[in-house]
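Structural features, examined
The lines below spell out each chain.
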Amino acid sequence: MGIVKTNAAPPPNFIRNIIAEDLKANKNEGRVHTRFPPEPNGYLHIGHAKAICLNFSIAAEFDGMCNLRFDDTNPTKEEEEYTESIKEDVRWLGFDWEDREFYASDYFEQLYEYAVQLIKDGKAYVCDLSADEIREYRGTLTKPGKDSPYRTRPAEENLDLFTRMRAGEFEDGSRVLRAKIDMSSSNLNMRDPVIYRILRATHHRTSDKWCIYPMYDFTHGQSDSIEGITHSICTLEFEDHRPLYDWFLDELKIFHPQQIEFARLNLSYTVMSKRKLLELVRQGVATGWDDPRMPTISGLRRRGYPPESIRNFCDRIGVAKRDSIVDIALLEHCAREYLNERAPRVMGVLRPLRVVIDNYPENQVEELDAPNHPTDTGMGTRKVPFSRVLYIEQEDFLEDPPKKYYRLAPGREVRLRYAYFIKCVDVVKDEQTGEVVEIHCTYDPKTRGGDAPDGRKVKSTLHWVSAAHALKAEVRLYDHLFIKANPGAEKDGADFKADLNPHSLETLTSCYIEPGLAGALPGSRYQFERQGYFCVDHVDSSGGALVFNRTVSLRDTWARIQKAQKR
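So, how was this worked out
- Residues numbered from 1 in each chain as written.
- Predicted model: local features only at pLDDT ≥ 70, side-chain atom pairs only at ≥ 80, totals over all residues.
- Heavy atoms only, no water.
- Helix = DSSP H or I, 4+ residues; strand = E, 2+ residues; numbered from the N terminus.
- Expected span 1.5 Å × (residues − 1).
- Buried < 20%, exposed > 50% of the residue type's maximum accessible area, 1.4 Å probe, protein only.
- Core = buried A, V, L, I, M, F, W, Y, C linked by side-chain atoms within 4.5 Å.
- Contact = heavy atoms within 4.5 Å.
- Pairing = 2+ DSSP bridges.
- 1 Å grid on protein atoms, 1.4 Å probe; cavity = no way out; pocket = protein on both sides within 12 Å on 5 of 7 lines; lining within 4 Å.
- Points joined across faces, edges and corners; volume = space filled by probe spheres on them.
- Nonpolar A, V, L, I, M, F, W, Y, C, P; charged D, E, K, R; others polar.
- Phe/Tyr/Trp six-rings, centres within 6.5 Å; stacked < 30°, edge-to-face > 60°.
- Lys NZ or Arg CZ within 6 Å of the ring centre and 35° of its normal.
- Axes fitted to C-alpha atoms, helices over the stretch in contact; angles between N-to-C directions.
- Parallel < 35°, antiparallel > 145°, perpendicular 65-115°, else oblique.
- Left-handed = near helix turned anticlockwise from the far one by under 90°.
- Right-handed = clockwise from strand over helix to strand, strands pointing away.

Here's the deal with helix α4 (residues 108-120)
Under the 1.5 Å per step criterion, the end-to-end length of α4 is 18 Å for 13 residues, consistent within 8% with the ideal 18 Å. Listed in full, the buried residues belonging to α4 are Phe 108, Leu 111, Tyr 112, Tyr 114, Ala 115, Val 116, Leu 118 and Ile 119. Among the residues trailing α4, Gly 122 stands out with phi positive, at a value near 75°.

Description of the nonpolar core
Ile 15, Phe 36, Ile 46, Ile 52, Val 90, Ile 310 and Phe 313 are the most contacted members of the largest nonpolar core, which totals 49 residues. If you tally residues by element for this core, the top one is helix α2 (residues 46-61), at nine residues. The residues touching Ile 310, leaving out its near neighbours within four places in the chain, are Ile 46, Ala 49, Trp 92, Leu 93, Leu 300 and Tyr 305. Membership of the second largest hydrophobic core comes to 33 residues, among which are Val 356, Leu 368, Tyr 418 and Trp 464.

Details of the sheet that holds strand β21 (residues 461-462)
Spatially, seven strands are ordered β21-β18-β19-β20-β14-β17-β22 in an open sheet, and the strand pairing comes out mixed. Of all strands in the sheet, those with a lone pairing partner are β21 and β22 (465-466), marking the two edges. Inspection of the sheet shows strand β18 (residues 413-416) paired to β21 by two bridges, in the parallel sense. Note on β21: the bridge partner recorded for Leu 416 is Leu 462.

A few points about empty space enclosed by the protein
To locate leftover empty space, one rolls a probe as large as a water molecule over the atoms. As enumerated under the stated definition, the model contains two cavities of 30 Å³ or more in all. Estimates place the volume of the largest cavity at around 160 Å³. Lining the largest cavity are 17 residues, and of these Arg 293, Met 294, Leu 300, Arg 303 and Ile 328 lie nearest its centre. Looking at the lining of the largest cavity, the elements that each hand over two or more residues are α10 (297-303) and α12 (328-342). Broken down by element, the lining of the largest cavity gets its largest block of residues, three residues, from α12. Counted by class, the lining of the largest cavity contains eleven nonpolar, two polar and four charged residues. Put simply, the second largest cavity is a space of about 40 Å³. Counting residues per element, the lining of the second largest cavity draws most heavily on helix α7 (residues 216-227), which supplies four residues. A per-class count over the lining of the second largest cavity returns three nonpolar, three polar and two charged.

Topic: the packing of aromatic side chains
Going through the model one piece at a time under the given rule, you end up with 24 aromatic pairs. When the centroid spacing of 5.7 Å and the interplanar angle of 75° are considered together, the rings of Phe 108 and Tyr 213 count as edge-to-face. Residue Phe 108 is located in helix α4, and its partner Tyr 213 is located in strand β7 (residues 212-214); the two are separated by 105 residues in the primary sequence. Each member of the pair Phe 108 and Tyr 213 is classed as buried. Taking 5.2 Å as the distance between ring centres and 85° as the angle between the ring planes, the aromatic pair formed by Phe 386 and Trp 464 counts as edge-to-face. Note that Phe 386 is positioned in strand β16 (residues 381-386) and Trp 464 in the loop between β21 and β22, a separation of 78 residues in sequence. Residue class for Trp 464 comes out buried when judged on its relative accessible area of 0%. Pairwise contacts between aromatic rings join Phe 108, Tyr 112, Phe 162, Tyr 196, Trp 210, Tyr 213, Phe 218, Trp 247 and Phe 248 into one cluster. Its guanidinium or amino end placed over the ring of Tyr 137, Lys 146 lies 4.6 Å from that ring's centre, counting from NZ or CZ. Lying across the ring of Tyr 103, Arg 205 places its NZ or CZ 3.7 Å from the centre.

Looking at the packing of α4 against α7
For the pair α4 and α7, interaxial distance at closest approach is 11 Å and the crossing angle is 110°. Taken together, the axes of α4 and α7 lie roughly perpendicular to each other. The way α4 lies across α7 gives a crossing that is right-handed. Every residue of α7 that contacts α4 at Gln 110, Leu 111, Tyr 114, Ala 115 and Leu 118 is listed here: Phe 218, Thr 219, Gln 222 and Ile 226. Broken down by class, the residue content of the contact of α4 with α7 amounts to six nonpolar, three polar and no charged.

Looking at the pairing of strand β1 (residues 33-36)
Residue alternation in β1 divides its side chains into two sets, His 33 and Arg 35 and Thr 34 and Phe 36, and both sets are buried. One ladder, built from four bridges, connects β1 with strand β2 (residues 65-70); its direction is parallel. By the bridge assignment, Phe 36 is partnered in β2 with Leu 68. Between the parallel pair β1 and β2, the chain is carried across by α2, and the sense of this crossover is right-handed.

Quick word on the layout of surface pockets
As a volume, the largest pocket reaches approximately 1200 Å³. Glu 39, Asn 41, His 48, Phe 238 and Lys 274 are the residues nearest the centre of the largest pocket, which is lined by 40 residues in total. Where the lining of the largest pocket is concerned, the elements lending two or more residues are β1, α2, β8 (231-235) and α9 (274-282). Taken together, the residues that form the lining of the largest pocket break down as 16 nonpolar, ten polar and 14 charged.

Here's the deal with the pairing of strand β17 (residues 389-393)
In terms of burial, β17 is a largely internal element, five of the five residues being buried. Pairing analysis gives five bridges linking strand β14 (residues 352-357) to β17, with the strands arranged antiparallel. Within β17, the residue paired with Arg 354 across the bridge is Tyr 391. As paired elements, β17 and β22 share two bridges and run antiparallel to each other. Looking across to β22, one finds that Tyr 391 is bridged to Val 465.

By themselves, these are just geometric observations and shouldn't be taken as functional.
Right under this line is the structure:
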């Protein structure tokens, strides 16, 4: 059905168990039909990825179908840009809705007829109370609501008013259509909820055809029913809305899907609210929805996360009934695990220090063999140029090293990866700042390939690039967007932006990488040896000006956490 399948059995969870029991009982004639119903009012984030993976994978597992349906009932916040980005994200994650792309706006006429049916059955009425008055009449969790003075309007009058609402005779906000349920219900959602409001706004699909729009709670279940959805899988905040979902379907006497709720994904060191993410974009904190620091799917894609790693992450965190915060280290671990097996290795120097090998022939260039992967020989080898002048990392040299610092220092010998042993013999400093700007070394030509014939050992291996051949590149080092695991959670009403990480991005503009990366395609992923995993930025990078985004570092925080827990 156009959905990514793997050989691994999906982990069991309560939703799969419910569906398995339904199939045993031949409920819904043995059909399984799910849907992913985003509102096109922003870009999808990693929490949506969990819902996408869950709905599509369950459909695939039970030989069913999964629809993509846009809940486009609020034209003031929805845009075609968001619709297209959502489709791109779902496809990129590896899922295909085939010919089942639907919109709630497809059903506006049918939803209107359902509302008319409720009015005729005495189950809905037109109310003239203002929004503030409706809130006041609604009551609280400890105080029952009171009936609207318009609750007893005759069906004929309600039908006439609702028809005129559609015809545009009344001002925005002057009237609403409400379900007539129970103003004393312990569930506030059942206290005569609004199901239609007057709203003059141009819809991105229906233009100005409608001036009344259905509310989400009225649209959700009926859209599921129209599409023949068997299992309507929602996040936990809709649990209290389920009685209303059921009430509409029962009163309308139409096909009744089953709503099942699961805990939404909350990820540490970021925020998952579309409203907050939009605020970051609009205030310029993020460069856009696809800023690689954002938890959006487009941001993760730009940062270099493979879709397989995100699907694996969603499988690992499972499906629960209680909200919790998942450590972002697990997401990073999933990326590292995938990239470790598949990313070709290259050498890149991020903070260069010039090295001159005094006894190396001045005009000589050697082409050294380097494996593209340390264990996967099928990935082949590459040629790396070696010459008299190189760049190494600044942090790989110290003039006065402390104990247990085994990298290059005066008089000390180290190995250059795939090349030779070199020994530092002199240091050149900036006369004014005293900063080391160049080091001079000698090399042992007998150690080509990294081993000494006399058996002597060195304690450190450094990466490097040839100064004459290396490509200059910009490298962006990304860190967590926030400094606290749960931003803004400590105080009620606290501004979550107070917890922003001022060091979430470090841009290095004078990096040098192997010449073999010339022409690297946007989105290509590599391991920079000893540095981390990097991706060619698909927005700002070009053939003549390469830009790399660090996806994750080599250090695996999650693996350390797991190891500590086992002790």
